[in-house]
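Architecture at a glance
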Amino acid sequence: MKKTIKYIILTIILVQFTQCTTNDSNGQYDPPSDPVISHPNDIYLYANGGKSLFERYNTATRWRWNDNFIDPTQRATPVESDFVIPTSKLVDYLWVGPYTTSSGTAENFIKELFPAELVYIGSYIYNDDGTILLGYAEGGARVTLLNLNSLDFQNRNWLANPGGGVLATVHHEFSHIVHQNYGIPVGFNTISDTYLGNNWSNGVTRDDAIKLGMVRNYGTLNEYEDFCEIISHFLVVDQATFEADFINQQDCSTLTDANAIVNCRELNEGRKLIKQKVDLVLEFYKNNFNIDLEVVRDTLQSRLNNLVATGVIPD
């Protein structure tokens, strides 16, 4: 059985929501066969002197268009050939690299959990019902990256916007692979009293989510999306902003309006819950994988800042 976890953005009038859905009816994943090495992209992806993701992790990268990648009710644009190698460099530099350089055992973590297949698609995937997919993972075997024809290494929003940046998407989806194999920290699901289920999209604001102990409205769906959203935000949002928004207690004593005071106090209570979850997640990664997510974050942020400033991924 293979779970499909889809990272979706639903646009209703002027309001956008991002969500994942689960589908247990997908066919079995077929491991990659030996690819034909002829195009420069394929040489880079499969026969790159031991440096490619295929040679290191047996990860096949699908960039040529195949209708089987999407449902008949969906529409999408193939990735442009020129963006294939830059995308693969980005995956290595800001997804794989921050983990593998964080500890002596992190390479084993990536080898065990890195997906066997990456699919590159140029646009978002547009559904007939008006939903737009940002990217998705399938049972730990395949991760699909979308909107790659908008690739811009100096556009921080495209790279790291928590609501759909490519890094936010891949780290969210990778966190799903982690919990599918190892579960979530014991007690994580009981820190917050309430998850909203499918009501997460009914006008839930970020402040509403914070008061419930989540970093984003989609995290209020269930404990698994909460887990993935916290990790994704922790890694791709710079530390100062993350702590100011989700961890640090605001001084409510300077406020005079009664409603503002109540709101401030409720946000502070929610931040205490988020802090508990972050602490559990950090401990979970250290105990299970010997990975310090703070080191992963610092490496990712340093590399991200360098990429935005220069537009170049070092060789």
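Note that this is a predicted model, so its numbers are computed, not measured.

With respect to the packing of helix α4 (residues 106-113) against helix α6 (residues 166-182)
Two elements in contact, α4 and α6, have axes whose closest approach is 11 Å; the angle formed by their N-to-C orientations is 85°. Classed by the angle they form, the pair α4 and α6 counts as roughly perpendicular. Of the residues in α6, those in contact with Phe109, Ile110, Glu112 and Leu113 of α4 are Phe174, Ile177, Val178, Asn181 and Tyr182. Looking at the contact of α4 with α6, its residues break down into seven nonpolar, one polar and one charged.

Details of the environment of Leu146
Locating Leu146 in the fold gives a position in the loop between β8 (142-145) and α5 (156-160). Distance from Leu146 to Pro78, taken between C-alpha atoms, is 9.5 Å for residues 68 residues apart in sequence. Setting aside chain neighbours within four positions, we find Leu146 in contact with Ile121, Ser123, Tyr124, Ile125, Leu133, Leu134 and Gly135.

Overview of the state of the cysteines
Applying the stated criterion to the full structure yields one disulfide. Note that Cys252 is cross-linked by a disulfide to Cys264, the S-S spacing being 1.9 Å. In this structure the cystine formed by Cys252 and Cys264 twists about its S-S bond by roughly -85°; its chirality is therefore left-handed. With Cys252 in the loop between α10 (239-246) and α11 (258-289) and Cys264 in helix α11, the pair connects residues that are 12 residues apart, well separated along the chain. Neither residue differs from the other here; Cys252 and Cys264 are each classed as buried.

Description of helix α3 (residues 84-100)
For α3, with 17 residues, the first-to-last C-alpha span of 22 Å sits near the 24 Å given by 1.5 Å per residue. Residue Asp92 marks the point of greatest curvature in α3, where the axis turns by about 30°. Summarising burial for α3: 13 of the 17 residues are buried, a large majority.

So, the nonpolar core
One finds Tyr99, Phe109, Leu159, Tyr285 and Leu293 to be the most contacted residues of the largest nonpolar core, which totals 71 residues. Excluding residues that lie within four positions of it along the chain, Leu159 makes contacts with Leu90, Asp152, Phe153, Gly165, Val166, Leu167, Ala168, Leu304, Leu307 and Val308.

Looking at the side chain of Thr220
By the element assignment, Thr220 lies in the loop between α8 (206-212) and α9 (223-236). Excluding residues within four positions of it along the chain, Thr220 makes contact with Tyr195, Leu196, Gly197, Trp200, Ala209, Leu212 and Met214.

As for the confidence of the model for the protein
Residues with a pLDDT of 70 or more make up 88% of the protein, whose mean pLDDT is 88. The model gives residues 1-19 a pLDDT under 50, and that stretch makes 89 contacts with residues more than four places away or in other chains. Low pLDDT (under 50) marks residues 21-29, which in the prediction has 22 contacts with non-local residues, meaning those over four places away or in another chain.

Some points on the packing of α3 against α4
Direction vectors running N to C along α3 and α4 enclose 135°, while the axes themselves pass 7 Å from each other. One element, α3, and the other, α4, form an angle in the oblique class. Listed contacts from α4 to Val96, Tyr99 and Thr100 of α3 are Ala106, Glu107, Phe109 and Ile110. Class assignment of the residues belonging to the contact of α3 with α4 gives a composition of five nonpolar, one polar and one charged.

So, the packing of aromatic side chains
Tallied over the full model, the rule gives 18 aromatic pairs. Between Tyr285 and Phe289 the ring centres are 5.3 Å apart and the planes differ by 65°, which places this aromatic pair in the edge-to-face class. Taken together, the residues span about one helical turn, with Tyr285 and Phe289 both in helix α11 at a distance of four residues. With respect to burial, Tyr285 and Phe289 carry one shared label: buried. Site record: aromatic cluster; members linked through ring pairs are Tyr57, Trp95, Tyr99, Phe109, Phe114, Phe174, Tyr182, Phe188, Phe227, Phe284, Tyr285 and Phe289. The positively charged end of Lys277 is found above the aromatic ring belonging to Phe188, 5.6 Å away from the centroid.

The rules behind each value
- Residues numbered from 1 in each chain as written.
- Predicted model: local features only at pLDDT ≥ 70, side-chain atom pairs only at ≥ 80, totals over all residues.
- Heavy atoms only, no water.
- Axes fitted to C-alpha atoms, helices over the stretch in contact; angles between N-to-C directions.
- Helix = DSSP H or I, 4+ residues; strand = E, 2+ residues; numbered from the N terminus.
- Parallel < 35°, antiparallel > 145°, perpendicular 65-115°, else oblique.
- Contact = heavy atoms within 4.5 Å.
- Nonpolar A, V, L, I, M, F, W, Y, C, P; charged D, E, K, R; others polar.
- Disulfide = S-S within 2.5 Å.
- Buried < 20%, exposed > 50% of the residue type's maximum accessible area, 1.4 Å probe, protein only.
- Expected span 1.5 Å × (residues − 1).
- Bend = angle between axes of the 7 residues up to and from the residue.
- Core = buried A, V, L, I, M, F, W, Y, C linked by side-chain atoms within 4.5 Å.
- pLDDT = per-residue confidence, 0-100.
- Phe/Tyr/Trp six-rings, centres within 6.5 Å; stacked < 30°, edge-to-face > 60°.
- Lys NZ or Arg CZ within 6 Å of the ring centre and 35° of its normal.

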